[in-house]
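Here is what each chain is made of, one letter per residue.
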Amino acid sequence: QVQLVGSGGGLVQAGGSLRLSCAASGSIFSINSMGWYRQVPGKQRELVASITSASTEYADSVKGRFAISRDNAKNTVYLQMNSLRPEDTAVYYCHATGRSRWYDSLGVYWGQGTQVTVSS
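Residues numbered from 1 in each chain as written. Predicted model: local features only at pLDDT ≥ 70, side-chain atom pairs only at ≥ 80, totals over all residues. Heavy atoms only, no water.

1. Digging into unusual backbone geometry
The phi torsion at Asn75 lies on the positive side, around 50 degrees, for a residue other than glycine. Inspection of the secondary structure puts Asn75 in the loop between β7 (66–71) and β8 (76–81). Looking at Asn75, the relative accessible area reads 21%, which means it is partly exposed. In this structure, Ser83 takes a positive phi of about 50 degrees despite not being glycine. Secondary-structure assignment places Ser83 in the loop between β8 and β9 (90–99). Its relative accessible area of 41% is what places Ser83 among the partly exposed residues. (Helix = DSSP H or I, 4+ residues; strand = E, 2+ residues; numbered from the N terminus. Buried < 20%, exposed > 50% of the residue type's maximum accessible area, 1.4 Å probe, protein only.)

Here it is in structure tokens:
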């Protein structure tokens, strides 16, 4: 099984920055994509950013402010969040797709969530 452990959330003032990290561990044969989703109470979880070996994807609301990167050797993904706004306040969940063993079908994995709060 693949486990994801995220960190780096916290409280920051509007206009500030935070950096989230998420490391994959456990039985890993391959990791395809890694990324971050976020969720506020009463709303669906939404994609913030994701990265594969070939591309990156961002929600329109964070383009130009957030940057996702990945260290393949460490199976770790980072989300640099700049120019934070109160509407970025949410629980951020690390996400990955991959395989524990070569013969497994593609699995979907989630981290435990980390709170990001942006004060105005």
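2. Section: the pairing of strand β1 (residues 2–7)
Within a regular strand, the side chains alternate between the two sheet faces. Burial along β1 is one-sided: the face carrying Val2, Leu4 and Gly6 is buried and the face carrying Gln3, Val5 and Ser7 is not. Bridge count for β1 against strand β3 (residues 18–26) is six bridges, and the pairing is antiparallel. Paired with Gln3 across the two strands is Ser25, which belongs to β3. (Pairing = 2+ DSSP bridges.)

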